[in-house]
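# Descriptive structure summary
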Amino acid sequence: MKKDILIFAAIACMSFPLVHAQDSAIKKIIETGQNDNRVMHHLDVLTNRFGGRPIGSDAYENAAEWMVREFKSWGLDVELQEAGTLPVGFNRGPWFGRLLGDNAMSLHFVTPSYTSGTKGLQRGHVLLEPHTQNEFNRMKGRLKGAWVLISGTNEGWPIDRSAFADSVRQGIKEKNEEIAKKNKELMEENWTKGTKHEMLPYEEFPGLFYKEMCEAGALGFIQSAPVPLRALYDRKMLQDPETTFDNLPEVPDIKLDEHQYATIKQMVKERREFLLEFDIRNHFKLGPIKYYNVVASIKGSKYPDEYVIVSGHLDSYDVATGGIDCGTGIGPMMETARMIAQSGAKPKRTILFIGFAGEEFGILGAQAWTKSNASKLPKISNMFNRDGGPEPPVGISVPQAMYDDFVKICEPVRTIRADYPFEVKVREPRKRPIHTGGTDASAFAIKGVPTLGFTTEDIKGYNFSYGEIWHTERDLYTKNIPEYQEHTATVTAIVTLGVANLDKLLPRDGLYLEESNN
């Protein structure tokens with residue numbers, strides 16, 4: 001009996017310093033979060049010094065190198081891990097445009113990434129794109145030096161220049177020839193018989209005579225786009241194995257404010273005299289261009305081969321600066337790393353902090369990581385991936401098997417701010433995805449890795465709208481909400497450390513429906 005008591009006392013003495021150290025680290029994290037929270041500093045540097053960060057750009061490479069430097073300065077191990085290559089790179093410079101003549105105005109427009117800029121300042125008249133071969137032949141001589149208004153309402157993608165699109169164009173051209181014949185017959189009947197047949201509308205396809213207009217000397221193409229303007233990238237060009245530096249697009253692809261587009265289109269129909277001028281500095285880099293994930297780590301003291309991941313995607317579109325998508329993931333992730341590193345915590349499991357590359361180009365970095373680290377996947381307790389708005393965490397929903405652990409882990413969260421709620425809820429099992437979705441976590445979920453994320457809410461009523469900002473010109477640092485971001489970083493640090501310090505991996509029972517694994 002006495003021997004048992006001595007053993008118990010020895011174990012208690014061994015465990016007490018560890019428990020005390022964990023409590024001390026949590027206390028330090030909360031103090032740092034309240035008095036020295038640097039999440040907005042990270043966001044400022046990321047978005048305003050580097051700007052928009054598509055992979056293949058100098059801005060992305062500079063941001064990745066800066067993250068490496070910051071992680072090292074906090075004492076973390078960090079490396080750039082190659083995730084893939086692109087056939088060419090792309091850098092965006094300034095752009096502007098003006099209407100000269102009646103209704104003179106500065107033009108509000110964007111261009112997708114990996115599309116051509118102008119050849120300096122270029123000025124020209126404006127034409128409407130043709131629908132038939134006869135229309136093209138009639139205007140062919142006027143295309144040289146012209147800006148061409150094309151059909152459709154743009155959603156961010158460039159003109160489709162692929163071989164498949166060309167085959168679709170050919171089919172529409174043939175249909176329009178038949179419509180032209182029918183319209184001619186209807187017109188003749190109206191003349192001879194006094195009927196009032198309306199002309200049949202032509203089918204439309206943006207840039208129906210794209211190649212022919214380029215060969216005829218068109219300066220560029222202009223398409224209507226809703227406000228706020230959205231600009232993505234030339235996905236099909238980058239995915240084409242035949243793409244090289246020598247066969248890139250050579251004419252600008254302009255997405256113009258729909259209100260200005262309507263005004264200009266009406267002026268063209270009225271055959272009024274005016275000019276448009278543009279200066280668009282889109283520049284390419286000779287490839288292949290490598291892109292990298294940024295991977296930092298705090299090594300586990302007891303289970304170094306088990307992991308907790310905190311992540312966001314480092315890349316963003318460059319029509320703005322990626323302040324929300326995914327500044328709201330990268331900023332809190334970096335501050336989480338700094339807080340834990342400076343708290344004196346010695347997590348039992350290894351914590352990985354990953355800035356993924358190429359999320360916007362198809363979850364490229366996350367897929368590369370899961371492929372090259374397949375042996376680690378069963379040993380990941382959870383992946384906390386943030387990719388959304390700046391709203392703060394107000395809770396987390398977990399399987400029943402994880403509930404008790406998360407209740408205990410999240411207890412300190414309630415002490416951060418009395419006006420910020422937080423609740424742990426039980427969620428039902430869900431279907432395991434079989435394809436990657438709209439964020440990096442999906443590349444892990446299809447492998448069965450837990451990707452539990454926080455429930456977020458605009459609890460103070462700041463009227464944030466993610467749909468207004470997503471992939472548009474408004475994706476800026478100024479759209480962030482500092483107090484929300486600061487709270488997010490603190491909560492993420494506490495919960496991440498708590499999961500890393502469990503005596504076991506989080507159980508995966510009830511995470512996914514059984515039939516979805518078949």
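These lines cover the structure that appears in this document, whether it is placed above or below. What you are looking at is a predicted structure, and each value in this text was computed from that prediction instead of being measured.

Strand order in this open sheet of three strands is β13-β12-β14, and the pairing throughout is mixed. A single partner strand is all that each edge strand has here, and the edge strands are β13 (423-426) and β14 (454-456). Across this sheet, the average inter-strand angle for adjacent strands is 35°, counted without regard to direction. Pairing analysis gives three bridges linking strand β12 (residues 393-398) to β14, with the strands arranged antiparallel. Looking at β14, one finds that I396 is bridged to F454. Contacting β12 and β13, helix α11 (residues 400-409) crosses the sheet at an angle of about 165° to β13.

Bringing the side chain of T111 into the picture now. Inspection of the secondary structure assignment puts T111 in the loop between β3 (109-110) and β4 (122-128). We classify T111 as buried; its relative accessible area is 2%. At 3.0 Å, the side chain of T111 and the side chain of N282 are in polar contact. Discounting residues that sit within four places of it in the chain, T111 has contacts with R92, A231, D253, I254, I280 and N282.

Counted residue by residue, strand β7 (residues 253-257) has five buried out of five residues, so it is predominantly covered. The pairing of β3 with β7 spans two bridges and is classified as antiparallel. Paired with V110 across the two strands is K255, which belongs to β7. The sheet contact formed by strand β6 (residues 220-225) and β7 spans five bridges and is parallel. Bridge pairing in β7 links F221 to D253.

Analysis parameters
- Residues numbered from 1 in each chain as written.
- Predicted model: local features only at pLDDT ≥ 70, side-chain atom pairs only at ≥ 80, totals over all residues.
- Heavy atoms only, no water.
- Pairing = 2+ DSSP bridges.
- Helix = DSSP H or I, 4+ residues; strand = E, 2+ residues; numbered from the N terminus.
- Axes fitted to C-alpha atoms, helices over the stretch in contact; angles between N-to-C directions.
- Contact = heavy atoms within 4.5 Å.
- Buried < 20%, exposed > 50% of the residue type's maximum accessible area, 1.4 Å probe, protein only.
- Polar contact = N/O pair within 3.5 Å; in protein donor to acceptor, adjacent residues only side chain to side chain.

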